[in-house]
Every structure is written in structure tokens, then in C-alpha cells.
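In case you want the letters, here they are:
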Amino acid sequence: MKKPQQAAQRKESKKKFFFIFASFEQCLGFLFFIVVITICSWSIITVKNWIDDPERVVLSQLTLSGDNQFTTKQDVRKAILDLGLPNTYIGQNVDSIQQEILRLPWIQQVSVRKQWPDRLIIHVIEYKPKYLWNEVYFLDSEGNLFNIPSGRFQDVNLPKLFGPIGKEKLILNSYQQLETISNTLSKEGKQLFINLASADERNAWQLLLKPCFRGICANNQDIKVILGREHINDRFKRFIRFYGDIQADIPSNERISEVDLRYDNGIAVKRQKNES
């Protein structure tokens, strides 16, 4: 009777052993699963934090907008690189970039902002060239002096102004007054376009006028007008007033080449043959 009882006990012990062993394997499997999930989650969070860290995000995109007729992305990139700032989202200082871009002589205004995660947006407003100054620089309509890189602006029809450096706005103001006189006193579609105006250190003025009729200007018929230093506007008004009468007395094969208005009671006129 003992042997069958002992056999049953051994059989029961084996069942308990296998049950405990299976439970242990399940626990190990569950613990391994938890460890894998934990490691994966930690890895994902670590990588995400590394990517999202502004100290590490590199600004690789540049958007240039606004009135940028003369400004190129290369100009902007060079201005930024000259600052020597870290090329990261946090490292780029928008105020420093703004001031550096404003050093470009043809830039009037600029705004700089960063767009997450890797874009730098730059909006520029440029000076608009209205006059050529001393054959080298440009003036806008307010008399601001600036320069444009060679080859980026080719308008040969800009009025040419000449004068001492530092007197740009004074000379432009006088030029605009003379231009208003020319436009106001022109009759029957005739106009004398002021193609060139020059004032020296003594404020002695000379003009180069291009005769036009209803918007069509004659080539190679420019008129040199000497105004002198005094009563510039009054002298020019006098010439405009009598221009039609002077022109009527000129033979058809001749033209007015020079007018001297420095006389109180008259006008000296030079003529020359028309070019064939």
C-alpha cells in the first residue's frame, strides 16, 4: 500500500514543480516585456528630446521675402556667416542678424524671425533708385544716398545729379523744384526733361535738358542751360516762358545747344547745325 501512495506523491510533486517552473517562465517573460517596453520608451523620449532641443536644431532653411529686387539669398547668407554665430535655432540672434543685413547699403528696412524647427525668414525693403548721383551712387525720392552692387541695376534713363558729398538732399530739393517748373510751364505737349543737373561747391547750377514732344524725346539735341548761383528758379522760369519763341526763331537745320541765363535783362543763346 505504501508504494502506490509514494508513487502518487512523486507524481503530485512533479506536477507542482512543473507548475512552479511554468509560472516562473511567465514571470520572466512578463518582466522581459516590461524591460523592452521601458527601454524603447526611454529611447524614443531621449531621441525626441534631442531633436527638439533648440540648442541642437540646425537652421538649414532660408526664406527671403519682400521688395528684394537687388538682394540675393547669397547676400543674406554671407551677412549671417560674417557674424560667426552658432548655426542653431537658439544660437541665431535675430537682432544681430537684422543689424548685419542693414549694413548692406541698398537695404532700407529688414525684419528677421525664426520659424520652428529649422527656418529663418527674412523680409527686406530696399531703397528705390530714382536718381543717379555723381555717376556712382543712387538717390531715392527722399534724397537717401545708397549704392547697388555692379550689374544689378541697368536703368540708363535715370536723371543724373552731380554735387558735393553731403548736399544730396539740398540738391535734390532744388532739382525737384526745377522739374516742377518745367512740367508746369510746358505748353502744347512740349516738355524739357531735365536729364542732368549739376551744382558745384559755390552752388552754381547747370542743367542738361532733353527736348520732348508728347512723351517722345529727341536724341542728340540736348540743351545746356547755365543758371548760375542766384535766382535759380526765376531764371529757369524765364527760359521756359520764352523757350517757344526762341525755338521759333531757329532755322530748321539748326538747334539750340546752350543757353546762358546769368544775365539780368536777357538770355544768351548758342546754336549749332543739326547732326545729319
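Not measured: the values here are computed from a predicted model. (Residues numbered from 1 in each chain as written. Predicted model: local features only at pLDDT ≥ 70, side-chain atom pairs only at ≥ 80, totals over all residues. Heavy atoms only, no water.)

Novice: Report on the pattern of salt bridges, specifying residues and quantitative values.
Specialist: Once their charged atoms are close, side chains differing in charge can pair, the charge on each being opposite to the other. Here the structure, examined in full by the defined rule, presents 10 salt bridges. Residue Asp67 is joined to Lys128 by a salt bridge in which the shortest nitrogen-to-oxygen separation is 2.8 Å. You can see Asp67 sitting in strand β1 (residues 61–67) and its partner Lys128 sitting in the loop between β3 (119–126) and β4 (131–133), a full 61 residues away along the chain. On the basis of relative accessibility, which here comes to 48%, the residue Lys128 falls in the partly exposed class. The partner of Arg271 in a salt bridge is Glu254, and the shortest N-O contact between them spans 3.3 Å. Separated by 17 residues along the polypeptide, Arg271 in strand β13 (residues 268–273) and Glu254 in strand β12 (residues 254–260) bring together distant segments of the chain. Its relative accessible area of 17% is what places Glu254 among the buried residues. A single salt-bridge network, built from bridges that share partners, covers Glu254, Arg271 and Lys273. (Salt bridge = Lys/Arg side-chain N within 4 Å of Asp/Glu carboxyl O. Helix = DSSP H or I, 4+ residues; strand = E, 2+ residues; numbered from the N terminus. Buried < 20%, exposed > 50% of the residue type's maximum accessible area, 1.4 Å probe, protein only.)

Novice: Summarise the packing of aromatic side chains; cite the residues concerned and give the values.
Specialist: Considering all chains together, one arrives at 7 aromatic pairs under this definition. When the ring of Phe138 is compared with that of Phe146, the centres are 6.1 Å apart and the planes differ by 25°; the resulting orientation is stacked. An aromatic cluster of three or more residues is present, and its members are Phe70, Tyr127, Phe138, Phe146 and Phe153. (Phe/Tyr/Trp six-rings, centres within 6.5 Å; stacked < 30°, edge-to-face > 60°.)

Novice: An account of helix α3 (residues 94–101) is needed here, citing residue identities and associated values.
Specialist: Every buried residue of α3 is accounted for by Ile97, Glu100 and Ile101. One side of α3 carries all its buried residues, which in axial view fall inside an arc of 95°. Structurally, α3 contributes buried residues whose contacts are with α2 (73–83), β2 (107–115) and β3. Its side-chain oxygen placed 3.0 Å from the backbone nitrogen of Asp95, Asn93 serves as the N-cap of α3. (Arc of directions from axis to C-beta. Contact = heavy atoms within 4.5 Å. Polar contact = N/O pair within 3.5 Å; in protein donor to acceptor, adjacent residues only side chain to side chain.)

Novice: Tell me about the sheet that holds β1, residues and numbers included.
Specialist: An order of β1-β3-β2 is seen for the 3 strands of this open sheet, with the pairing classed as mixed. One side of each edge strand has no neighbouring strand; the edge strands of this open sheet are β1 and β2. Averaged over neighbouring strand pairs, the angle between their axes works out to 20° when direction is ignored. Pairing analysis gives 7 bridges linking β1 to β3, with the strands arranged parallel. Following the sheet pairing, Leu62 is matched in β3 by Leu120. In the packing of α2 onto the sheet, the strands contacted are β1 and β3, and the crossing angle to β1 comes to about 120°. The strands touched by α3 within the sheet are β2 and β3, with β2 carrying the most contacts at an inclination of about 155°. (Pairing = 2+ DSSP bridges. Axes fitted to C-alpha atoms, helices over the stretch in contact; angles between N-to-C directions.)

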